[in-house]
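Listed here are the chains, written in short residue letters.
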Amino acid sequence: MALAPAPLALLRAGNLSRFHWLDFLGKASPWTSQHSLRMYGSVPAAGIVQQEDNSDLSDKILTEPLKHSDFFNVKELFSLKTLFDARVHLGHKKGCRHRFMEPYIFGTRLEQDIIDLDQTVRHLQLALNFTAHLAYRKGIILFVSRNRQFTHLIEKMAVDCGEYAHTRYFKGGLLTNAPVQFGPQVRLPDLIIFFHTLNNVFEPHVAVRDAAKMNIPTVGIVDTNCNPCLITYPIPGNDDSPDSIKLFCHLFGTTIKRAKAKRKQMEFLYSQQNKQRAKTGDTYQQQPGPPQLET
Amino acid sequence: MAAPWAPFAATFTNFLFIRGRSGLARSRVAWKAAATERRTVAGTQVLRLIHTTSPTQKKNVATSGREECTVAFIKKQIEEFNIGKRHLANMMGEDPETFTQEDIDRAITYLFPSGLFEKRARPIMKHPDDIFPKRRALQWGEDGRPFHFLFYTGKPSYYSLMHEVYGMIVDLDKCSDHLRAKGLLPQKKNQDLIGSRWLIKEELEEMLVEKLSDQDHMRFIQLLERLLTLPCGSTEEEYIHKFRRAIPVQSKTKLIEPLQYDEQGMAYSSGEGKRKTAKAKVIVYEHGSGRIKVNGIDYLLYFPVTQDREQLMFPFHFLDRLGKHDMDCTVSGGGRSAQAGAIRLATANALCSFVSEDEVEWLRQAGLLTTDPRVKERKKPGQEGARRKFTWKKR
């Protein structure tokens, strides 16, 4: 039991109230942690072993992906060539360049900035991996964009993968004043993905700042005229071409669906293992390591 | 949500609310009356002495938050109301099966006589649906995930509607491109839209159960208009009709009474009219010689002034039926001119039954069928009359 609480405790270092949902999902009942601490050295009764198994199960499900660097294999979803074909490397003109985007820019050609796709690949892999982990842990993902050309596409994609979208006028206190606007027990998004970091008047979207205020991690596609500062996982890339936005939609949609499918698979697998263990009746048997799951 | 006094709460006194000005379900005042109540709990009879006296036991509903009005709570309240209704019927010695809301109100006024002047402050016992305001059902499940994918926008129904309509527009665009390439573009027909109007903002708000702004409504109507410019299939037409309301045609609202026949077989028609404070009822006979009787008196004697008699004449003169009908009228109230005007309106209403639809329309356009809305304007304080001010003195 020493191993299991440690990574979870790292995650709980943040806002307690937000991750209380993880507790709800991770354990069978609030009291299992107490029972699982074998402080008294006595043989635990059979009922408590059942609860132990459940908490073991949920802990295993949650900690298993964290042991691998690319558990969901997001690297195979795209390559540098696909990004190039979707025109992700095209930035704005030199005059629109944001100072903080200079590290991500490969160079300029006829006054148009070209984004460094090597860095984009790395950032995109990190971002997709993070999204996948969050979707695996049943977090709420909110897609935000204020570009009216792609509103319909993004909303369709959100419905498709079972997450949430906000491509409309952003009311001021949505994240910061949510209990008043929605209700006392509302759950805020656990991840916000920006397809467009700027709003219709080319100013940074309010949600970037509000998410930073509410300790919500953000993933965002930052173009050469955007400010990547407050975004946790920026992805330098083109946010104006339809092709590039379609590619990003496809990538995010696939990762989320993949992660949710993986979760179901893991739950099924571990519940099967538990049933087998219950049949053999061997309560002290060490859990065999789960097989490496390939997609 | 656990309250220490919950076991003491009577099913009976629970839903007797004193409705203060702050709203319906906001205040539950502790009753100082001691009442006994027999309550069947799981088959056993439990006699309970119920008296809620101390203010510490009072539960402030306003601060207890939104958990109060959950579906389970409302269901419980409805059950308690029904049980209480039966108890009340037994107490009053009436049949519980046929105990209506009026009987309940009478029983409550009898059992709890109140000297309060404000009617809304007196004790009431009504169905919980009438007392608790309708709330939107909780929008997220047990794990906290909202049900609607646009929940975080604040107006999920409105934006999902816009999303749907835009989706239809995009599909129709593609369809029309295919059809135009083949040259099979159908003709636009706009006949279905005549005689109907778009929903107004209030109606849309009611439909979506959400507050909207004027710009939202305007945007929505613009989107629908854009949908109309494309070649719509039958599904789209049906969809659009959901957002249109029929306009009632003005001139067709007049109900024309059919002719009635008296003992001699003479056809007659009656009409009513009013003007200022005068009210008139008129019976016009089909065949006659132009004899008019007002309140039993001949019209020449009742209305000595020519102008009033001209008013009586006008409907007949307009229809060229001057000497052809007999008339009996009763009139009360008002002055001589007002009574004349009232009889004129009543006559015109009565004559509609004898006359074709076109002539009814002519009557309406001549203003013979419109009640004159002018009444005496009230006198205002600080002025001598309705409009006349006191004499202005410079110094």
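Data block above holds the structure.
Heads up: these notes are all about the structure in this document. Since we're looking at a predicted model, the values are computed, not measured.

Overview of the overall build of chain B
- In terms of regular secondary structure, chain B is built from twelve helices and ten strands.
- Here chain B holds 395 residues, and the buried ones make up 34% of them.
- Summarising the internal contacts of chain B: among those between residues at least 6 apart in sequence, 62% fall at separations of at least 24.
- When the accessible surface of chain B is totalled, it reaches about 25,500 Å², and 55% of it is carbon and sulfur.

Digging into the packing of helix H7 (residues 151-161) of chain A against helix H10 (residues 242-280) of chain A
Residues and elements named next belong to chain A.
- The interhelical angle for the contact between H7 and H10, taken along N-to-C directions, is 10°, at an axis separation of 10 Å. With respect to each other, H7 and H10 are oriented roughly parallel. Contact with H7, carried on its side by Leu153, Ile154, Met157, Asp160 and Cys161, involves Ile245, Lys246, Cys249, Gly253, Ile256, Lys257 and Lys260 of H10 and no other residues of that element.
- Looking at side-chain class alone, the contact of H7 with H10 contains seven nonpolar, one polar and four charged residues.

Focus: the pairing of strand S4 (residues 141-144) of chain A
Residue and element names in this part refer to chain A.
- Of the two faces of S4, the one lined by Ile141 and Phe143 and the one lined by Leu142 and Val144 are each fully buried.
- Where S4 and strand S6 (residues 191-194) come together, four bridges link them in parallel fashion. From the neighbouring strand, leucine 142 faces S6, where its bridge partner is isoleucine 192.
- Here three bridges tie S4 to strand S5 (residues 164-166), and the two strands are oriented parallel to one another. Looking at the pairing, phenylalanine 143 lines up with alanine 165 of S5.
- Once the chain exits S4 it traverses H7 before rejoining the sheet at S5, and the crossover so formed is right-handed.

Brief notes about the interface of chain B and chain A
- Taken together, the contacts link 21 residues of chain B with 29 residues of chain A.
- Buried surface at the junction of chain B and chain A, both sides included, amounts to about 2,300 Å², of which 61% is carbon and sulfur.
- Contact with chain A buries area across many residues of chain B, yet Arg145, Phe149 and Tyr152 of chain B alone supply 35% of it, more than any other trio.
- Across the contact surface, chain B and chain A share one salt bridge.
- Between arginine 145 of chain B and glutamate 163 of chain A there is a salt bridge; the shortest N-O distance is 2.9 Å.
- With five residues, the top contributor of residues to the side of chain B that touches chain A is helix H5 (residues 156-182) of chain B.
- Of the residues that constitute the side of chain B that touches chain A, the class distribution is nine nonpolar, six polar and six charged.

Thoughts on the pattern of salt bridges
- Enumeration over the complete set of coordinates arrives at 30 salt bridges over all chains.
- Two residues, lysine 257 of chain A and aspartate 160 of chain A, come together in a salt bridge whose shortest N-O distance is 3.0 Å. Placement of lysine 257 of chain A in helix H10 and of aspartate 160 of chain A in helix H7 is noted, with a sequence separation of 97 residues between them.
- Judged by its relative accessible area of 39%, lysine 257 of chain A falls in the partly exposed class.
- With relative accessibility at 52%, the residue aspartate 160 of chain A sits in the exposed group.
- As a salt-bridge pair, lysine 155 of chain B and aspartate 216 of chain B come within 2.4 Å of each other at their nearest N and O atoms. Of the two residues, lysine 155 of chain B is situated in the loop between helix H4 (128-131) and H5 and aspartate 216 of chain B in helix H7 (residues 214-229); the sequence distance between them amounts to 61 residues.
- Judged by its relative accessible area of 17%, lysine 155 of chain B falls in the buried class.
- Among the charged side chains, a network of salt bridges with common partners joins Lys138, Arg263 and Glu267 of chain A.

Quick word on the environment of valine 186 of chain A
- With respect to the helices and strands, the residue valine 186 of chain A is situated in the loop between helix H8 (178-181) and S6.
- We classify valine 186 of chain A as buried; its relative accessible area is 14%.
- With residues near it in sequence (within four places) discarded, valine 186 of chain A still touches Ala178 and Pro179 of chain A together with Trp140 and Phe151 of chain B.

Details of the environment of leucine 80 of chain A
Residues and elements named next belong to chain A.
- Along the chain, leucine 80 turns up in helix H5 (residues 80-85).
- When the C-alpha positions of leucine 80 and aspartate 118 are compared, they lie 7.3 Å apart, and in sequence the two are 38 residues distant.
- Among all residues touching leucine 80, those that are not within four sequence positions of it are Leu117, Asp118 and Val121.

Some words on the sheet that holds strand S8 (residues 233-236) of chain A
Residue and element names in this part refer to chain A.
- Spatially, five strands are ordered S5-S4-S6-S7-S8 in an open sheet, and the strand pairing comes out parallel. Both outer strands of the open sheet, S5 and S8, are each paired with one neighbouring strand and no more. For this sheet, the mean inter-axis angle between neighbouring strands, taken without regard to orientation, is 20°.
- Together, S4, S6, strand S7 (218-222) and S8 form the strand contacts of helix H6 (residues 117-136), whose direction differs from that of S8 by roughly 140°.

Focus on the sheet that holds strand S8 (residues 292-294) of chain B
Residues and elements named next belong to chain B.
- Reading across the sheet, the six strands line up as S5-S6-S7-S10-S8-S9 and stay open at both edges, with mixed pairing between neighbours. In this open sheet, the two edge strands, each paired with only one partner strand, are strand S5 (260-261) and strand S9 (297-298).
- In this structure, strand S7 (residues 278-285) lies alongside strand S10 (residues 326-332), joined through seven bridges in antiparallel fashion. Note on S10: the bridge partner recorded for tyrosine 285 is aspartate 326.
- Against the sheet, helix H11 (residues 336-351) engages strand S6 (267-275), S7, S8 and S10, with an angle of about 140° to S6.

Conventions and cut-offs
- Residues numbered from 1 in each chain as written.
- Chains lettered and ligands numbered in written order.
- Predicted model: local features only at pLDDT ≥ 70, side-chain atom pairs only at ≥ 80, totals over all residues.
- Heavy atoms only, no water.
- Helix = DSSP H or I, 4+ residues; strand = E, 2+ residues; numbered from the N terminus.
- Buried < 20%, exposed > 50% of the residue type's maximum accessible area, 1.4 Å probe, protein only.
- Contact = heavy atoms within 4.5 Å.
- Areas by Shrake-Rupley, 256 points an atom, 1.4 Å probe, with all protein chains shown as cover.
- Axes fitted to C-alpha atoms, helices over the stretch in contact; angles between N-to-C directions.
- Parallel < 35°, antiparallel > 145°, perpendicular 65-115°, else oblique.
- Nonpolar A, V, L, I, M, F, W, Y, C, P; charged D, E, K, R; others polar.
- Pairing = 2+ DSSP bridges.
- Right-handed = clockwise from strand over helix to strand, strands pointing away.
- Buried area = accessible area lost by both parts, 1.4 Å probe.
- Salt bridge = Lys/Arg side-chain N within 4 Å of Asp/Glu carboxyl O.

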